Amino acid sequence: MSVRNAFYAQSGGVTAVINASACGVLETARQYPDKIGKVFAGRNGILGALQEELIDTSLESIDVIAGLRHTPGGAFGSCRYKLSTPENKPAEYQRLIEIFKAHNIGYFFYNGGGDSMDTAHKVSLYSQKMGYPITCIGIPKTVDNDLPATDNCPGFGSVAKYIATSVKEASLDIESMHETSTKVFIMEVMGRHAGWITAAAALAMDHENDPPHMLLFPEIDFCREMFLARVEQTVEDHGYCVIVASEGTHYGDGTFLSASRSTDAFGHVQLGGTAPILARMIKDSLGYKYHWAVVDYLQRAARHMASAVDVEQAYAVGVAAVEYAMQGKNGIMPTIVRGEGTEYTWSIGEAPLEMVANVEMKMPRHFISEDGLHITEECRRYLEPLIMGEDYPPFKNGVPVHTRLNRACVEKKLPPFNV
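Sequence order as written defines residue numbering, which begins from 1 separately in each chain. Restriction of local features to residues with pLDDT of at least 70 applies here, the model being predicted, together with a cutoff of 80 or more for giving and counting side-chain atom pairs; totals for whole chains, interfaces and linings are based on all residues. To obtain the side-chain values, all non-hydrogen atoms of the structure were included, while hydrogens and water were left out.

**Here we look at the pattern of salt bridges**
For step 1, the next point in the chain: For this analysis, a salt bridge means a side-chain nitrogen from Lys or Arg found within 4 Å of a carboxyl oxygen belonging to Asp or Glu. Counted by the stated rule, this structure contains twelve salt bridges.
For step 2, the next point in the chain: Two residues, Lys38 and Asp56, come together in a salt bridge whose shortest N-O distance is 3.1 Å. Taken as a pair, Lys38 in strand β2 (residues 36–42) and Asp56 in strand β3 (residues 54–56) lie far apart in primary sequence, 18 residues in all.
For step 3, the next point in the chain: Buried, partly exposed and exposed residues are distinguished by accessible area as a fraction of the type maximum, computed with a 1.4 Å probe on protein chains only: under 20%, between the cut-offs, and over 50%, respectively. With a relative accessible area of 5%, Asp56 lands in the buried category. Helix and strand definitions follow DSSP, with helices as H or I runs of at least four residues and strands as E runs of at least two, each counted in order from the N terminus.

**Here's the deal with the packing of aromatic side chains**
For step 1, the next point in the chain: Two aromatic rings from Phe, Tyr or Trp, using only the six-membered ring of Trp, form a pair when their centres are within 6.5 Å; if the ring planes differ by under 30 degrees the pair is stacked, by over 60 it is edge-to-face, and anything between is tilted. Under the definition given, this model contains eleven aromatic pairs.
For step 2, the next point in the chain: Among the aromatic residues, those joined into a cluster by ring pairs are Phe7, Phe100, Phe108 and Tyr110.
For step 3, the next point in the chain: Positioned above the aromatic ring of Tyr315 is the side chain of Arg69, whose terminal nitrogen or guanidinium carbon lies 4.6 Å from the ring centre.
For step 4, the next point in the chain: Only when the NZ atom of a Lys or the CZ atom of an Arg is both within 6 Å of the ring centre and within 35 degrees of the ring normal do we say a charge sits over the ring. Directly above the aromatic system of Tyr297 lies the positively charged group of Arg300, at a separation of 4.2 Å from the ring centroid.

**Topic: the domain arrangement of the chain**
For step 1, the next point in the chain: Under the domain assignment, the chain is made up of domain 1 (4–141 + 303–359 + 390–400) and domain 2 (156–301).
For step 2, the next point in the chain: All domain edges in this entry derive from an automatic or database-based domain assignment. Computed over C-alpha atoms, the centres of domain 1 and domain 2 are 33 Å apart.
For step 3, the next point in the chain: Joining two parts hides part of their accessible area as seen by a 1.4 Å probe, and the buried area is that hidden amount summed over both. Summed over both partners, the interface of domain 1 with domain 2 comes to about 1300 Å²; 57% of that surface belongs to carbon and sulfur atoms.
For step 4, the next point in the chain: Our count for the domain 1 to domain 2 interface comes out at one salt bridge.
For step 5, the next point in the chain: Residue Glu390 pairs with Lys161 through a salt bridge whose shortest N-O separation is 2.8 Å.
For step 6, the next point in the chain: Counting of polar contacts relies on pairs of N or O atoms within 3.5 Å, with two restrictions inside protein: one atom must be capable of donating a hydrogen and the other of accepting it, and residues adjacent in sequence are counted only when both atoms are side-chain atoms. Inspection of the domain 1/domain 2 interface yields five residue pairs in polar contact (both at pLDDT 80 or more).

**Notes on the nonpolar core**
For step 1, the next point in the chain: By size, the foremost hydrophobic cluster in this structure holds 40 residues, and its most contacted members are Ile163 and Leu383.
For step 2, the next point in the chain: Those elements giving two or more residues to this core turn out to be α6 (156–177), β6 (184–189), α7 (196–200), β8 (241–246) and α13 (377–383).
For step 3, the next point in the chain: For this core, the element with the highest residue contribution is α6, accounting for eight residues.
For step 4, the next point in the chain: Formed by 34 residues, the second largest nonpolar core is a distinct cluster that contains Ile36, Val64, Val322 and Tyr324. To define a nonpolar core, start from buried Ala, Val, Leu, Ile, Met, Phe, Trp, Tyr and Cys residues and group those joined through side-chain atoms within 4.5 Å.

**A short note on the side chain of Ser307**
For step 1, the next point in the chain: Along the chain, the position of Ser307 falls in the loop between α10 (297–301) and α11 (308–326).
For step 2, the next point in the chain: The buried category is assigned to Ser307, whose relative accessible area is 0%.
For step 3, the next point in the chain: Residues count as neighbours in contact if any of their non-hydrogen atoms are within 4.5 Å of one another. Ignoring sequence-local partners within four residues, the contact set of Ser307 consists of Gly157, Ser158, Lys161, Leu386, Ile387, Met388 and Gly389.

**Let's talk about helix α9 (residues 274–286)**
For step 1, the next point in the chain: How far a helix is expected to stretch is found by multiplying one less than its residue total by 1.5 Å. In this model α9 runs 18 Å from its N-terminal to its C-terminal C-alpha over 13 residues, within 8% of the 18 Å that 1.5 Å per residue would give.
For step 2, the next point in the chain: For α9, every residue scored as buried is listed here: Thr274, Ala275, Leu278, Ala279, Met281 and Ile282. The buried residues of α9 all sit within an arc of 160 degrees when viewed along its axis, so they share a single face.
For step 3, the next point in the chain: Next to the buried residues of α9 lie β6, β7 (214–216), α8 (224–238), β8 and β11 (290–294).
For step 4, the next point in the chain: In the stretch just after α9, Gly287 is the one whose phi turns positive, near 80 degrees. In this context, the arc is that of the directions from the helix axis out to the C-beta atoms.

**With respect to helix α4 (residues 90–102)**
For step 1, the next point in the chain: Over its 13 residues, α4 extends 18 Å from the first C-alpha to the last, a length consistent with the 18 Å expected when each residue adds 1.5 Å.
For step 2, the next point in the chain: Among the structural elements, β1 (4–10), α2 (46–50), β3, β4 (105–112) and α5 (114–129) are those in contact with the buried residues of α4.
For step 3, the next point in the chain: Positive phi shows up at Asn104, right after α4, with a value of about 50 degrees.

**Observations concerning the state of the cysteines**
For step 1, the next point in the chain: For this text, the term disulfide refers to a pair of cysteine sulfurs within 2.5 Å. Applying the stated criterion to the full structure yields zero disulfides.
For step 2, the next point in the chain: In this structure Cys136 is a free cysteine whose sulfur lies 16 Å from that of Cys79, the closest cysteine sulfur available.
For step 3, the next point in the chain: The thiol sulfur of Cys223 is not disulfide-bonded, and the nearest other cysteine sulfur, from Cys241, lies at 15 Å.
For step 4, the next point in the chain: Owing to a relative accessible area of 33%, Cys223 belongs among the partly exposed residues under this scheme.

Printed below as a string of structure tokens:
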């Protein structure tokens, strides 16, 4: 096999551990100098390929690459840009093949969610059609934990740990002040169609009646009357009420409690604002003083509170992506396979990209309590192992130390391309 270069790109919303996957890819690729020459990383994801902005990772030191493992964000830049189909926009796919040819790229590692797996799958098929076959391996990443074919998604465990910890600590604040101040606290978390992050908040509970007292899932239609009745009853019983709501909380007709009219590059409605709407609903109907918080980017950037399991799995899928490519495999995504038995174990498996592309794995109904406002014990048993262990970054002067890349791009060989 001749030596060919590789292209790695990060896609969509980043996580606390996506760079750990990048670390796995780069460190493993350097172990195969007889097959992989250089690994180029796309500046700002797939746009880096289309615009021929290819970061030469061979210029980064061993220590800098190793530091990616404890650095949040997307070290090479990410983007929300979904390629259309080759039939609708053939020029984009032709451009990718031209770039790959010009830079002797024979391997494509795409680190993202369902839309990214779809792109990797399309590139794999199109490259074969064009007579320049590319080995395409998807690398799973999403805080929403909504990819199928894998037990869980790298990025989720750390968000789950952060949310459970944050709601546990905030609840102590509310409990301390509820006699004379705040009666209701609402935390809004990510999750447009899948309520995994919302469910993780329940891991804050040590006893049956501990907060959070109520969880609002996108899998369950929101009922205003039932919601307000439960809030009132909880305040009467405990003196205060803590609620965790998914950004995707919606009414029976599918209308989100809060949805702007704008959409992102993937066509997803821009959400945010569920918490203040719920707070106003409570104030107007029950008169309780409230506080709310939208944790937003904080939940997916909190590398200082990453789950050790999550970090290990994120790194492992990056390693596996390269190993699979070296074995001649193509059009697949490394997966996390949960072992059998009461003690949590996991291993790496694989799934074809067409099985993963554009499919969302929502919470199964048996993971949600009968009244739709909490999780079941089966769900708790699934979630708990994913947040286990601590993997703290190094600290200096009281704050985390993060690695910084040179991000030097190779010389361009082709004319500009308008995206």
